[in-house]
Amino acid sequence: MKPTGDVLAALRRQMQSLPNNLGSINAYIIPSNDAHQSEYLAARDERRAYVSGFDGSAGTAVVTEQEALLWTDGRYYQQATKQLDTNWTLMRDGLPTTPSIDAWLAKTLQPGSRVGVDANLITAAAWNPLQSSLKTAGCTLLPVTPNLIDLLWKDQPPVPHNPLLPLATTFTGATVAEKLASVREKLAEKRASVLVVSALDEIAWLLNLRGSDIDYNPVFFSYVIVTPDALHLFIDDAQMHPSVEEHFRANGVAVEVQPYGEVQTVLSRLAERPTAPPSPAGGPLVWISSGSSYALAALIPEERRLHDITPINLMKAVKNETEARGLRECHVRDGVALCQYFAWLERCLRDGKQVDEISGAAELERLRSLQAHYKGLSFTTISASGPNGSIIHYHPLPETNRPITDREIYLCDSGAQYLDGTTDVTRTMHFGQPTPEEIRAFTHVLKGQIALGTAVFPRKVKGQFLDTIARKALWDIGLDYGHGTGHGIGHFLNVHEGPMGIGIRLMPNDPGLEENMFLSNEPGYYKDGQFGIRIEDIVQVVTANVGTNFDGRGALTFRTITMCPIQTRLIDASLLTDRERNHLNEYHATVRDTLGPLLRDVNDLDTLAWLERETEPI
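These figures come from a predicted structure and were not determined experimentally. (Residues numbered from 1 in each chain as written. Predicted model: local features only at pLDDT ≥ 70, side-chain atom pairs only at ≥ 80, totals over all residues. Heavy atoms only, no water.)

Caption draft 1: Region of the structure containing the overall build of the chain. Broken down by element type, the chain carries 19 helices and 28 strands. Projected onto its principal axes, the C-alpha coordinates of the chain cover approximately 70 × 55 × 50 Å. Within the chain, the proportion of its 618 residues that are buried is 58%. Taking all contacts inside the chain whose residues are at least 6 apart in sequence as the whole, residues at least 24 apart take part in 70%. In the form shown here, the chain has an accessible surface area of approximately 24900 Å², with 51% of it arising from carbon and sulfur atoms. (Helix = DSSP H or I, 4+ residues; strand = E, 2+ residues; numbered from the N terminus. Buried < 20%, exposed > 50% of the residue type's maximum accessible area, 1.4 Å probe, protein only. Contact = heavy atoms within 4.5 Å. Areas by Shrake-Rupley, 256 points an atom, 1.4 Å probe, with all protein chains shown as cover.)

Printed below as a string of structure tokens:
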């Protein structure tokens, strides 16, 4: 918890005298986003964390002349309570009693008040309803430039411009030219002349390039604009190394490279360019995602904006055969490292060697780094012992670090980036004797996880409709969890990837599930201040064999590609059905048969013995 009184006082002074003679504002909204609406941020973009002290990945701060409030969801209630000082009020987003930001502002502010926000950090989809609510209350929403936090943050880190990594088609399965041709086909179908791409993972996927401008996310700061006859890349010139230029030549693509900051100027010009034949709208139709910033969307005349999910987002979500094979193979190698870690950890505890959350996470990272194609972690490892496991997105710090012991549950949620894929897996372990309450909760989490992992469903069903399948076993005994059940995962890209997902909240851009999408399957249960349980696998959407095949619509199911045992010590087998027990035994046999030969090849007999014991049938 850091004191925030001084920074709030300085911010309120800025609100009274805005730059560029904009006057004053009565409230200032500080989103978590960067200009690309990234989930994870470069250090310089952590403005909400700087002003509030709360560093969770999701949340929005609102500062008025008298109050400071933070909205965040159920994943972060505990963390925010610990990190916010007395200047702040926590608004528990998602609870029926918590008003939305726009409702709170409309009710609290006096008519005539002005609300400011950096238009680069708010999406077009969020701007319009916020503006409408404030207008109804007699208030005004004002785009404020430059960002007020940037003006106050004296030691703000610089913008990163790290080297780029070209990816060969042996990993991507398609050239840039092939991907670009598919994008242009979609442009023609929509009768659009310009496509604006601002999401960093979409740009990296389209260009078969990876970067390291944001920790754990192999992306780089850039924009792309695609037209029928040109590909514009807006990027810092220092990143255009000769190897990158050769990459484009080898892919048969001509790229117009322009400075990163020129995107608004070029977009304004392209949006006004006459079309041949003339467009009924009076100019070109510009395709821009509603998830792009309002600052970009506002440059396009409203009647000529096509607000729709980009074709790249959908293409990226359905992996080609090369990407799918890479994801399966990297999960096998990742499974070797995970088994080595848990076997090592068990031996340490048995031999009386001290291991804590931080040293455990470091050893897991070391073991992963020995695997082929390793490029780093995919997120900060959640290495959580005892009560720390009840904090859903916990990561250990020196001041919170706890020893891992055989007296309490240990939750480890971790993942890695490999040239051929991205991993994300959670295993919950107890190295001593778990309590009956822990066993009961774990078993019901497992029942839900198996139910979802074995579900059969129609092609194109929305992921939201599957969420209850994973929760029902917990709901039957009055338990639940405060996070989504499944997220998409990138191919050597972001560990959380849309547009599909499995959760309670509506995902308006979810196109429906189809073959070769990859998602997580991760129900859990968290008892505040005591323990946390989560079982997470990555699953591949595959075809299912059912009699009527949903009257020709097509039947799908999931194939688990994560390779790591689920600890049977925490299971009450009497609570499992025969189908659930058989499924677990079959999964464990697959893990043993897949990883066993690899452990023999490296002569890791200790881990092999652990694997064979942990995969014994129940």
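Picking up after the structure, the text goes on.
Caption draft 2: Geometry of the nonpolar core. The biggest cluster of nonpolar side chains holds 69 residues, and the ones touching the most others in it are Tyr341, Phe342, Phe457 and Phe558. Considering each element in turn, this core owes the most residues, 10 residues, to helix 14 (residues 321–350). Residues in contact with Phe457, not counting those within four places in the same chain, are Leu466, Leu513, Val541, Phe550, Gly554, Ala555, Leu556, Thr557 and Phe558. Counting 33 residues, the second-largest nonpolar core is a separate cluster that includes Ala42, Leu164, Trp205 and Ile235. (Core = buried A, V, L, I, M, F, W, Y, C linked by side-chain atoms within 4.5 Å.)

Caption draft 3: Quick peek at the sheet that holds strand 4 (residues 89–92). Taken in spatial order, the 6 strands line up as 4-3-2-1-5-6 in an open sheet, and their pairing is mixed. Each edge of the open sheet carries a strand with a single partner, namely strand 4 and strand 6 (140–143). This sheet shows a mean twist of 25 degrees between the axes of neighbouring strands, independent of strand direction. Judged from the 4 bridges that link them, strand 2 (residues 60–64) and strand 3 (residues 68–72) form a sheet pairing that is antiparallel. Bridge pairing in strand 3 links Val62 to Leu69. (Pairing = 2+ DSSP bridges. Axes fitted to C-alpha atoms, helices over the stretch in contact; angles between N-to-C directions.)

Caption draft 4: Representation of the side chain of Thr615 in the model. Assignment of secondary structure puts Thr615 in the segment after helix 19 (605–614). With relative accessibility at 1%, the residue Thr615 sits in the buried group. Within the structure, Thr615 has its side chain in polar contact with the backbone oxygen of Leu611 (distance 2.7 Å). Dropping the residues within four chain positions of it, Thr615 is found in contact with Pro565, His588 and Arg592. (Polar contact = N/O pair within 3.5 Å; in protein donor to acceptor, adjacent residues only side chain to side chain.)

Caption draft 5: How the structure looks around unusual backbone geometry. Cis geometry marks the peptide bond from Thr145 to Pro146; its omega dihedral reads 0 degrees. Examined against the element boundaries, Pro146 turns out to sit in the loop between strand 6 and helix 6 (148–152). Residue Pro499 is reached from Gly498 by a cis peptide bond, and omega for that bond is 5 degrees. Residue placement: Pro499 occurs in strand 23 (residues 497–502). Phi at Asn549 takes a positive value of approximately 55 degrees, unusual for a residue other than glycine. By the secondary structure assignment, Asn549 is in the loop between strand 27 (537–543) and strand 28 (555–560). Of note in this structure, Asn603 is not a glycine but carries a positive phi near 60 degrees. Position of Asn603 relative to the elements: it lies in the loop between helix 18 (578–601) and helix 19.

Caption draft 6: Focus on the packing of helix 14 against helix 19. The N-to-C vectors of helix 14 and helix 19 enclose an angle of 95 degrees; their axes lie 9 Å apart at closest approach. Classed by the angle they form, the pair helix 14 and helix 19 counts as roughly perpendicular. Along the contact surface, helix 14 presents Cys339, Gln340, Phe342, Ala343, Glu346 and Arg347, while helix 19 presents Asp606, Thr607, Trp610, Leu611, Arg613 and Glu614. Classifying every residue of the contact of helix 14 with helix 19 by side-chain character gives 5 nonpolar, 2 polar and 5 charged. (Parallel < 35°, antiparallel > 145°, perpendicular 65-115°, else oblique. Nonpolar A, V, L, I, M, F, W, Y, C, P; charged D, E, K, R; others polar.)

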